[in-house]
Amino acid sequence: MSVVKKTMPAEKEASVTLPWTRMAEGGLVPRGGTAASVRTGAWRTGQMPVLDLEACIHCLRCWIWCPDSAVLLDGEKVSGIDYDHCKGCGICAQVCPPKVHAIQMVAEEVEG
Amino acid sequence: MGDSTHMPAGRRRTTMTGAEATAEAMRQIHPDVVAAYPITPQTDIVMRFARFVSDGVVQTEFVPVESEHSAISAVLGASAAGARAMTATSGPGFALMHEILYVVAGYRLPVVMPVANRALSGPINIHGDHSDTMGSRDAGWIQIFSENAQEAYDNLIQAVRIAEHPSVRLPVMVTQDGFIITHGMEIVETLADEEVRQFVGTYEPERSLLDVDHPMTVGALALQNSYFELKRQLAEAMAASRRIIADVGEAFGRLSGRYYGLTESYRMEDAELAILALGSTAGTAKVVVDELRARGQKVGLVKVRVFRPFPAAHLRDLLRHVRALAVLDRSDGYAGMGGPVFAEVKAALYGLPQGPVITNYVYGLGGRDITPEMIESVYADLGELARRASKEPERVVAEAALTPHYLGVREPDGALISALGALQLNGER
């Protein structure tokens, strides 16, 4: 398995430049869907899951267990992994049935 | 108790315990959600309120939880959802809330909580002192101390309006001395239900987690790039709340005839010797002040009603011309330098070109009585302290400020009352 290279996307945080007088009271985030825009995949260190769709039987165990909702579905079938939000914990590879073995954790290098 | 006595009521003047008066205030405030866990001496407050719920006198959602940590957490969630939410606690239960107290304040949720002040063990003790709430004095909650059952009632109603004020939005705890106030029977004048309803108003939260058309996140991660700014906001809101607390105290006075400020000064106009105290002890001290004034002594009392935010500027004005001041602490800091109120009063008066020589008395731990005789002995000590300070100011000021006295503890020489022992009681009592 080849080493995959990725670039880390910078987290978008507009509030980082706001003075205390202009920040939302109590740290409230006054809109929805903000979890999607924070790329927690940037926290991934060392290992990333790689999915073999040829081997996958679409049992969805990885989808159920992923703590970050980072396993992508197309209808009722696994279609890929959302690397922007995958923290590389490896649970998906652990719960993938041993006879199927469709997910492998591989070493990952960070560019830049 | 049936609900017939709690049909919409007009003003009443009747005997009540502090716990009963507090439950009555809660009934009239009619919060949306109350979550609580019983602990002595708070139990009587929530027990009475739970009865209002079960009798259908109030439509409050009552959440019986399995610990105080859960009680304050449930109230936090309810408040974030847009509810007017309350809980009540005491001593070790309050301590168990410590972690979440910071979260409630940090999210700027206007939760209101009566606290029956109780000692923190060990050894085990269920009686009243201030070591519980002093332990969380820097959690970001407004802290209002009550002198008696009437004030416990009055303060709780004001707390709702203070907490929810748009330029405050901070949680408020209203304390009353455990057993001394919670279980002591006094005459209390309650407002009419309709008057309380109008005074606290209808709670219209600016935002609600239940408002699905305006989704939001409460409790997001705030790390090095934003946490500090949010805490600065909290500090500014706390400072700004001084004006709001005073305004609400004034408005409450117009309604009830009972006016409230951050501090209360009792016969301080020309006072040379003063005691500063919180809670029920202030009431005891007033009796002593009257008696000593009748004998021509220039003594006075400063009651700190609002401990957070600390009324530093008020105290500088009030105490500038006093010769000697005793700060009474119903909890110890165990720092070898006296209690927490003492440290803060000294800090507040720092740099005054002329100010009092200040000394400290730790008293009443674990519910130990403080008697008028003990307070009289403190005034006697202060007279002696002022005389000595006029001769050798630097040495006396330093000694007084660095040495706490223990008032009412059994000493080996048999002295029980006056720690300084400068003057004996005159035996007139």
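Remember, predicted model here, so these are calculated numbers, not experimental data.

Attention now moves to the pairing of strand S3 (residues 61–64) of chain B. Residue and element names in this part refer to chain B. Inspection of the sheet shows strand S2 (residues 33–36) paired to S3 by four bridges, in the parallel sense. Bridge pairing in S3 links Ala35 to Val63. Once you follow S2 into helix H2 (residues 43–54) and on to S3, the crossover reads as right-handed.

For the rest of this paragraph, the subject is the confidence of the model for chain A. All names here are of chain A. Looking at chain A, pLDDT values average 86 and 83% of them are 70 or higher. Element-level mean pLDDT values for chain A span from 51 in strand S1 (residues 4–6) up to 98 in helix H2 (residues 61–65). In this model, residues 7–13 is a region of pLDDT below 50 whose contacts with residues beyond four sequence positions or in other chains number 13 contacts.

Turning our attention to the interface of chain B and chain A. On the side of chain A, 17 residues touch chain B, which itself brings 19 residues to the contact. Of the roughly 1,500 Å² buried between chain B and chain A, counting both surfaces, carbon and sulfur atoms make up 57%. Ranking the residues of chain B by area buried against chain A places B:Thr217, B:Asn225 and B:Gln233 at the top, with a combined share of 32%. Residue A:Glu25 pairs with B:Arg207 through a salt bridge whose shortest N-O separation is 3.8 Å. Taken together, the links from chain B to chain A amount to four residue pairs in polar contact (both at pLDDT 80 or more). At five residues, the largest contribution of residues to the side of chain B that touches chain A is made by helix H8 (residues 227–256) of chain B. Classifying every residue of the side of chain B that touches chain A gives eight nonpolar, five polar and six charged.

All names here are of chain B. Mapped onto the elements of the fold, Phe342 is located in helix H11 (residues 340–349). Along the sequence, Phe342 and Val288 sit 54 residues apart, while their C-alpha atoms lie 21 Å from each other. Among residues more than four places away in sequence, those in contact with Phe342 are Val327, Asp329, Met337, Ile358, Thr359, Asn360, Ala400 and Ala401.

All names here are of chain B. Scanning the model with the defined rule gives five aromatic pairs over all chains in all. Taking the centre distance of 5.5 Å and the plane angle of 80 degrees together, the rings of Phe199 and Phe252 count as edge-to-face. With a gap of 53 residues between them, Phe199 in helix H7 (residues 193–200) and Phe252 in helix H8 connect regions that are remote in the sequence. Grouped by ring-pair contacts, the aromatic residues Phe145, Phe307 and Phe310 constitute a single cluster. One cation-aromatic arrangement involves Arg161 over Phe199; the distance from NZ or CZ to the ring centre is 4.2 Å. Of note, Arg308 hangs over the ring of Phe307, and the distance from its end group to the ring centre comes to 4.8 Å.

About the thresholds
- Residues numbered from 1 in each chain as written.
- Chains lettered and ligands numbered in written order.
- Predicted model: local features only at pLDDT ≥ 70, side-chain atom pairs only at ≥ 80, totals over all residues.
- Heavy atoms only, no water.
- Pairing = 2+ DSSP bridges.
- Helix = DSSP H or I, 4+ residues; strand = E, 2+ residues; numbered from the N terminus.
- Right-handed = clockwise from strand over helix to strand, strands pointing away.
- pLDDT = per-residue confidence, 0-100.
- Contact = heavy atoms within 4.5 Å.
- Buried area = accessible area lost by both parts, 1.4 Å probe.
- Salt bridge = Lys/Arg side-chain N within 4 Å of Asp/Glu carboxyl O.
- Polar contact = N/O pair within 3.5 Å; in protein donor to acceptor, adjacent residues only side chain to side chain.
- Nonpolar A, V, L, I, M, F, W, Y, C, P; charged D, E, K, R; others polar.
- Phe/Tyr/Trp six-rings, centres within 6.5 Å; stacked < 30°, edge-to-face > 60°.
- Lys NZ or Arg CZ within 6 Å of the ring centre and 35° of its normal.

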